Amino acid sequence: MRQTWRWFGPVDKVTVADARQAGAEGIVTALHHVPTGAVWTVQDIKERQREVASHADGTPTGLAWEVVESLPVSEAIKTQSGDWRGDLERYAESLGNLAACGIHTVCYNFMPVLDWTRTDLAAPTEKGGRAMVFDLIDFAAFDMHILRRAGARADFPDTVIAAAADRFTRMGAARQQALAANVTAGLPGAAEHWSLEDVRSRLADYRDIDAARLREHHVAFLKTMAPVAEELGIRLCCHPDDPPWPLLGLPRVWSTADDVRHAFEAVPSPAVGLTLCTGSFGARADNDIVAMVREFGPRIHFVHLRNVTRGADTVPCSFVEDEHLAGHTDMVAVVDALLAEERRRATEGRADRQIPMRPDHGHDILDDVTRGAQPGYPAIGRLKGLAELRGVMAALEARHAAA
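Residues numbered from 1 in each chain as written. Predicted model: local features only at pLDDT ≥ 70, side-chain atom pairs only at ≥ 80, totals over all residues. Heavy atoms only, no water.

**Description of empty space enclosed by the protein**
Thinking step 1. Under the definition given, this model contains five cavities of 30 Å³ or more.
Thinking step 2. In this structure, the second largest cavity occupies an estimated 100 Å³ of space.
Thinking step 3. As for the second largest cavity, its lining consists of 15 residues, of which Thr36, Gly37, Ala38, Pro72 and Tyr91 are closest to the centre.
Thinking step 4. With four residues, the single largest contributor to the lining of the second largest cavity is helix H4 (residues 84-100).
Thinking step 5. Split into classes, the residues belonging to the lining of the second largest cavity amount to nine nonpolar, four polar and two charged. (1 Å grid on protein atoms, 1.4 Å probe; cavity = no way out; pocket = protein on both sides within 12 Å on 5 of 7 lines; lining within 4 Å. Points joined across faces, edges and corners; volume = space filled by probe spheres on them. Helix = DSSP H or I, 4+ residues; strand = E, 2+ residues; numbered from the N terminus. Nonpolar A, V, L, I, M, F, W, Y, C, P; charged D, E, K, R; others polar.)

Shown next as structure tokens:
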């Protein structure tokens, strides 16, 4: 697999030079400053390419922008409201501009309102680092007692309701504010930042949209974009819901193998694919990620390798982001299946036989603790993860060569 590294642009406390030293072969980034729904211009794309390719002194970094993460899908498209058709046209125009600049892998997601959601962005670990956590009790306390969403109690069992009420009564104002900020943090690096009132307003937009209808809207988006992507040579890859279950009364439509299967059958274009995120899918005990690689392998266009330890096998559950080779996902088996898919592609002569991957998230360790990077995207924690994954790949490839 091609080893890539996510970079949030010039504001990122982890530099392209850091990525190069970590051993990355390519960069994953986006135009985070461009509002959702606006066109990504050729000028802006080329400027970001220049920032990736050159150090401040003009010397080459040896790296290039290879994967887009993410080109956001607007709420208007997800709800099919407002100027959603105009947003589709601008999305297609952005794809055309990316292709004109030589970028052909585009990750997006179809999560309504909130992107990945955590209740703690820097929880202390046993080894002294910091990790991101989704705590179901904390989330229920936010939903029922901070956001005060109507109908929230119906989404939780009595044991969680009682525990959340007890925990909320013991929260000080500072912890309540921190919890609210963590839950509404949204898309990393995004230009948009929402208040509680913003979230309440967005939830109202989905009052009449259930999972079946949102799934129809996703398929409609793909049916519109698939011929555009095919003509441009673009590979679209949807990132799974994170966590992979409904939140705040909102539907989720990209959480399980059945969700992926439904979309792939509805839109059989090879340009429509999957971002395989082992951390997102791995938060559900009923997701067999190795089986998903084997079934959907030809349409896996991008991979996030991350591990979580679940607090239970129920859905939903609490989980902590673990070290890359720890947690409940058998990372060695997943990587082995992905390498087998690459070998299969090579026999077919596919130009995209090498799948881009990146070490997703990572613990804040050593100097990460004071660097102040994006939550989940430390320098040393990801370097450690990439080094471990690189070792797994090398060992598996050597075993295959010797067989």
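**A few points about the packing of helix H12 (residues 289-296) against helix H13 (residues 331-348)**
Thinking step 1. Where H12 meets H13, the closest approach of the two axes is 9 Å, and the angle between their N-to-C directions is 5 degrees. The orientation of H12 with respect to H13, classified from their angle, is roughly parallel. From H12, Ile289, Val290 and Val293 reach across to H13, where they touch Ala333, Val334, Ala337 and Leu338.
Thinking step 2. Here the residues of the contact of H12 with H13 are counted per class, giving seven nonpolar, no polar and no charged. (Axes fitted to C-alpha atoms, helices over the stretch in contact; angles between N-to-C directions. Parallel < 35°, antiparallel > 145°, perpendicular 65-115°, else oblique. Contact = heavy atoms within 4.5 Å.)

**Some remarks on the packing of helix H10 (residues 257-266) against H12**
Thinking step 1. Between H10 and H12, the least distance of the axes is 11 Å, while the angle of their chain directions is 10 degrees. Our classification of the angle between H10 and H12 gives roughly parallel. Across the interface between the two elements, Ala257, Val260, Arg261 and Phe264 of H10 pack against Met292, Glu295 and Phe296 of H12.
Thinking step 2. Residues belonging to the contact of H10 with H12 are distributed by class as follows: five nonpolar, no polar and two charged.

**As for the pairing of strand E11 (residues 319-322)**
Thinking step 1. Residues Phe319 and Glu321 line the buried face of E11, whereas the alternating positions Val320 and Asp322 sit on a face that is not buried.
Thinking step 2. In this sheet, E11 lies alongside strand E6 (residues 130-134) in antiparallel orientation, the contact comprising two bridges. Paired with Phe134 across the strands is Phe319, a residue of E11. (Buried < 20%, exposed > 50% of the residue type's maximum accessible area, 1.4 Å probe, protein only. Pairing = 2+ DSSP bridges.)

**Side note on the sheet that holds E6**
Within a sheet, adjacent strands bond to each other through the backbone by hydrogen bonds, running parallel or antiparallel.
Thinking step 1. Strand order in the open sheet made by the four strands is E5-E6-E11-E10, with antiparallel pairing throughout. A strand with exactly one partner marks an edge of an open sheet, and here the two such strands are strand E5 (120-124) and strand E10 (307-310). Neighbour-to-neighbour, the strand axes of the sheet open up by a mean angle of 40 degrees, direction not taken into account.

**Observations concerning the packing of aromatic side chains**
Thinking step 1. For the coordinates displayed, the defined rule picks out twelve aromatic pairs.
Thinking step 2. Relative to Phe139, the ring of Phe134 lies with its centre 5.4 Å away and its plane at 35 degrees, an arrangement referred to as tilted. Residues Phe134 and Phe139 agree in their burial class; the two are buried.
Thinking step 3. For the pair Phe134 and Trp245, a centre-to-centre distance of 5.9 Å together with 65 degrees between the ring planes defines the contact as edge-to-face. On the criterion of sequence distance, the pair formed by Phe134 in strand E6 and Trp245 in the loop between strand E7 (235-239) and H10 is long-range, its members being 111 residues apart. Taken individually, Phe134 and Trp245 each receive the classification buried, so the pair is uniform in this respect.
Thinking step 4. An aromatic cluster is present here, built from Phe134, Phe139, Phe142, Trp245 and Phe319 joined pairwise through their rings. (Phe/Tyr/Trp six-rings, centres within 6.5 Å; stacked < 30°, edge-to-face > 60°.)

**Observations regarding H10**
An α-helix turns once every 3.6 residues. As a result, residues three or four positions apart point the same way.
Thinking step 1. Residues of H10 that are buried: Ala257, Asp259, Val260, Ala263 and Phe264. Buried residues along H10 cover an arc of 160 degrees about the axis, so they all sit on one side. Residues of H10 that are exposed and point more than 90 degrees away from the buried face comprise Asp258 and Glu265.
Thinking step 2. Looking at the buried positions of H10, the neighbouring elements they touch are helix H9 (211-232), strand E8 (272-277), helix H11 (278-282) and H12. (Arc of directions from axis to C-beta.)

**Some remarks on the layout of surface pockets**
Thinking step 1. Of the volumes computed, that of the second largest pocket is approximately 340 Å³.
Thinking step 2. Considering the residues around the second largest pocket, the lining is formed by 22 residues, among which Thr125, Lys127, Asp322, Glu323 and His363 are closest to the centre.
Thinking step 3. Among the elements of the structure, E5, E6, E11 and helix H15 (379-402) are those that each provide at least two residues to the lining of the second largest pocket.
Thinking step 4. A breakdown of the residues in the lining of the second largest pocket according to their chemical character gives seven nonpolar, eight polar and seven charged.

So, to be careful, I would describe these as geometric facts and stop short of saying anything about function.
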